[in-house]
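Below, each chain spelled out in residue letters.
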Amino acid sequence: MKTKFWIICLSVFFVSCLRNMHDIYTGEDEEEEEKINKDDFFDFTTVRNSQLIIDYGMKVQTAFYLYDEYPMELVGNTWEFKDINPIYAASTDMNGRFFSKVSLPAYLKKVWLVTDNVLVVSPVELEFLSDGLTFNYVDYKAQLSANGHSRAVMGGVSYPDGYDVLGNWNENGVPDYLLPEKLDIPGAFLERCSNLSRSIVVDNRNLLERFPELRTSGSNDMVITKSTGLVATYFDFSSTAWEDMVAYYTYKEGESVDIATIKKTILIPRSSRNAPKSLVGEQIKLKYWNKEQSKYEDEFPQGTHIGWILLGMGFGKEKGVFPRYSNPAYNDNKEQRSVLLSDPELDNCFFMAMEDNVDMRFNDVQFAIMASASSSVEPTPNIPDEVNKGEISYVVKGSLAYEDNWPDKNDYDMNDVVIYYSSTVVKDKSSNALVRTTTTFTPMNDGATYTNGFGFQLDYVGKEHIDLVQVSQEGNVIGKNFEPGIEKPVLILFSDIKPVLKKPVTVVIGFKKYDKVSDMDAYPPYNSFIFVNKRSHEVHLSGYKPTSVADESLRGTGSDLSQDSNGIPMYYIAEDNMPFAINISNSEFRWPSEKVSITTYYPEFKQWRDSFGADYKDWYLHPKE
């Protein structure tokens, strides 16, 4: 981790001349006792710095999120996002690329990648490799397409009576009339669609109640004002578990429409979360039916109106489907079942969202429509400007456990002070700069007779980069300033854990907008520490330096190992290679009973330590019952 003062070189673990660790810990090897190498010790971190490389292969900035479990669940006929937070979030550059080190729980073997970009499949499962996490979307799409090839068997896949088709499709609903060369979608339009689409998917409210300006009194059909071609683009399948289809029909202004007999053409054979992911981002050219000449044409003439139909559960069925029309007059109860939205800046780009059932979120089918000619479509309501679209966030959580006997040898029950923490890290979407962190520390256990206080230091962010600090408890602001007399930012949250046990303390730190502070420079739980009986008696996590007011004379006394064989300082490591404090990443720590060593209560702890963190990374998830 960047906040570490020293780095453990794990390669020594594999060197054949490594000394017997029992001798090192106990001092039984008298000749080696004064030559203990720093490489023989472990920093007890439960997080790992992983290289994260993402390339979406498109020239658009894309926000993405990592989850430690599959983030969606089926509720009724709708795929919903679970009520969980991502463990990391960031944005690519303008070329759709991201390359950085990220801190993640060490025990994770895989994560799920979710993106706001409607042209990108998500969630996608990523496995940790030896060099971290890598995702190339072009390669991923190629693999999806290779796995999805099959013969066109549309004749064996039923579709509703009374509809025409633009071509064939296979048994998975992949059309053979996809455009071989895709049109570029403007980045600004794509971003607006992505912002609204994500909002529609994660927000359970009725869309028309959220945005009353999207209610229409007319047909919701598309009106062509100048001859143009039209192309539809598959967006990431939103939330429906139904096997939907999308169709359209055309008519002239003032023409009488018999919806039962008018010629209707299937555009999208299958739109569902179960549909092949290879379809996301693919495009279809719409065709105009010239009834006078009984043929399809590439352009829609001026004055044409286009009506839309969502065929709920239509894929693979001849009958029993649920048609939902863009014109509310044809729907049950005359409900509005679709919104056709204009881009506020690009007059040839439109976002279609359709509702197939009852929740009225309009998150079931979504796709883009682009006109080849500018100013060729009558304007519709604009895509709403989403609140906070310029920010992204993720949550870092875990537990802190301390032994307060430092520097003396302790019983390693790690229960003198136990604190749970949860921090929401908010970043600027365009620059990835840190905006603010909101961290709640909850004191959970006081197993000590001493008086223990708690605070933290920001090691890599100066006070000059911070424009807000606020500490509150039980709804009251109890502090707005860092500890005086210390160069680095230090906050003391309480001086005695006993009266604040089970009472959360929340800390908000705001960072100056143009200073572009990295979230890795202020990564929770920061350089957290307790102080025992007096402010100068600090106990930190292994490898973290004390603050400038700590009593340096305590270091190297008792059981504390203050330097390695080369005289380089070491911090908060005992001579028997045990920590005085530990951060339990992404979990609420179950602490041992009094006088029960952590090595007894957690049988895998010792193997984890002896392997320098290579094995049993999830040891703290398996206490002895």
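In what follows, the structure referred to is the one given above.
What you see is a predicted model, and the numbers here were worked out from it, not measured in a lab. (Residues numbered from 1 in each chain as written. Predicted model: local features only at pLDDT ≥ 70, side-chain atom pairs only at ≥ 80, totals over all residues. Heavy atoms only, no water.)

Asks: Can you explain the sheet that holds strand S27 (residues 466-473)? Please cite residues and give values.
Replies: The strand order across the open sheet built from 7 strands is S28-S27-S30-S25-S24-S23-S33, with neighbouring strands paired in antiparallel fashion. Each end of this open sheet is capped by a strand with a single partner; those strands are strand S28 (476-479) and strand S33 (581-585). Within this sheet the neighbouring strands show an average axis-to-axis angle of 25°, counted without direction. When S27 meets strand S30 (residues 505-511), the two strands line up antiparallel, connected through 7 bridges. Note that in S30 the partner of Gln470 across the bridge is Val508. (Pairing = 2+ DSSP bridges. Helix = DSSP H or I, 4+ residues; strand = E, 2+ residues; numbered from the N terminus. Axes fitted to C-alpha atoms, helices over the stretch in contact; angles between N-to-C directions.)

Asks: I'd love a proper account of the pattern of salt bridges, names of residues and values included.
Replies: Counted by the stated rule, this structure contains 27 salt bridges. Residues Asp164 and Lys263 are paired through a salt bridge, measuring 2.8 Å at the closest nitrogen-oxygen approach. Remark: Lys263 occurs in the loop between strand S13 (244-252) and strand S14 (264-271) and Asp164 occurs in strand S10 (residues 163-165); sequence separation between them is 99 residues. Of the residues examined, Asp164 reaches a relative accessible area of 23% and is grouped as partly exposed. For Lys263, a relative accessible area of 32% translates into the label partly exposed. Notably, a salt bridge pairs Lys498 with Asp446, separated by 3.1 Å at the nearest N-O pair. A residue pair is termed long-range when its members are at least 10 positions apart, and Lys498 in the loop between strand S29 (490-494) and S30 and Asp446 in strand S25 (residues 434-446) qualify at 52 residues. Take Lys498: its relative accessible area is 38%, and that puts it in the partly exposed class. Because the salt bridges share partners, they merge into one network encompassing Asp116, Arg198 and Lys429. (Salt bridge = Lys/Arg side-chain N within 4 Å of Asp/Glu carboxyl O. Buried < 20%, exposed > 50% of the residue type's maximum accessible area, 1.4 Å probe, protein only.)

Asks: Now, about the packing of aromatic side chains: what can you tell me, with residues and values included?
Replies: How two aromatic rings sit relative to each other is set out by the distance from centre to centre and by the angle between their planes. Taken as a whole and judged by the stated rule, the model has 37 aromatic pairs. Plain terms: the ring middles of Phe589 and Tyr602 are 5.7 Å apart, the flat faces sit at 20° to each other, and that makes the pair stacked. Pair noted here: Phe589 is in the loop between S33 and helix H5 (598-601) and Tyr602 is in the loop between H5 and helix H6 (605-610), with a separation of 13 residues, a long-range link. In terms of burial, Phe589 and Tyr602 fall into one category: buried. Each ring, one from Phe605 and one from Trp619, has its centre 4.9 Å from the other, and the planes form 85°; the classification is edge-to-face. (Phe/Tyr/Trp six-rings, centres within 6.5 Å; stacked < 30°, edge-to-face > 60°.)

Asks: Give me the environment of Leu214: which residues, what numbers.
Replies: With respect to the secondary-structure elements, Leu214 resides in the loop between helix H4 (207-210) and strand S11 (222-223). Residue classification places Leu214 among the buried residues on the basis of a relative accessible area of 1%. Separated by 168 residues in the primary sequence, Leu214 and Asn382 place their C-alpha atoms 8.1 Å from one another. Beyond its immediate sequence surroundings of up to four residues, Leu214 is in contact with Leu207, Leu208, Gln336, Val339, Leu341, Pro381, Asn382 and Pro384. (Contact = heavy atoms within 4.5 Å.)

Asks: So what about a negative patch on the surface? Which residues, and what values?
Replies: A contiguous patch of negative charge, built from Glu464, Asp467, Glu487 and Asp515, is present on the exposed surface. Note that Glu464 resides in the loop between strand S26 (452-457) and S27. (Patch = residues over 30% accessible without salt bridge, like charges linked within 9 Å, V, L, I, M, F, W, Y side chains within 5 Å. Areas by Shrake-Rupley, 256 points an atom, 1.4 Å probe, with all protein chains shown as cover. Lys, Arg positive; Asp, Glu negative; His and termini not counted. Charge placed at Lys NZ, Arg CZ, Asp CG, Glu CD.)

Asks: Go over unusual backbone geometry with me, naming the residues and quoting the values.
Replies: Residue Pro407 is reached from Trp406 by a cis peptide bond, and omega for that bond is 10°. Residue Pro525 is reached from Pro524 by a cis peptide bond, and omega for that bond is 5°. Here Pro525 shows up in the loop between S30 and strand S31 (527-532). The residue Asn533 is not glycine, and still its phi comes out positive at about 70°.

Asks: Tell me about the pairing of S31, and name the residues and values.
Replies: Of all the 6 residues making up S31, 6 are buried; the element is thus mostly covered by neighbouring parts of the structure. Where burial is concerned, the two faces of S31 agree: the one with Asn527, Phe529 and Phe531 and the one with Ser528, Ile530 and Val532 are both buried. Across 6 bridges, S26 lies against S31 in antiparallel orientation. Note on S31: the bridge partner recorded for Gly453 is Phe531. In terms of strand pairing, S31 meets strand S32 (residues 538-540) through 3 bridges, oriented antiparallel. Among the inter-strand pairings, Ile530 is bridged to a residue of S32, identified as Val539. Taking the residues that link successive antiparallel strands as the turn, the S31-S32 hairpin has 5 residues, and the phi of Asn533 there is positive, at about 70°.

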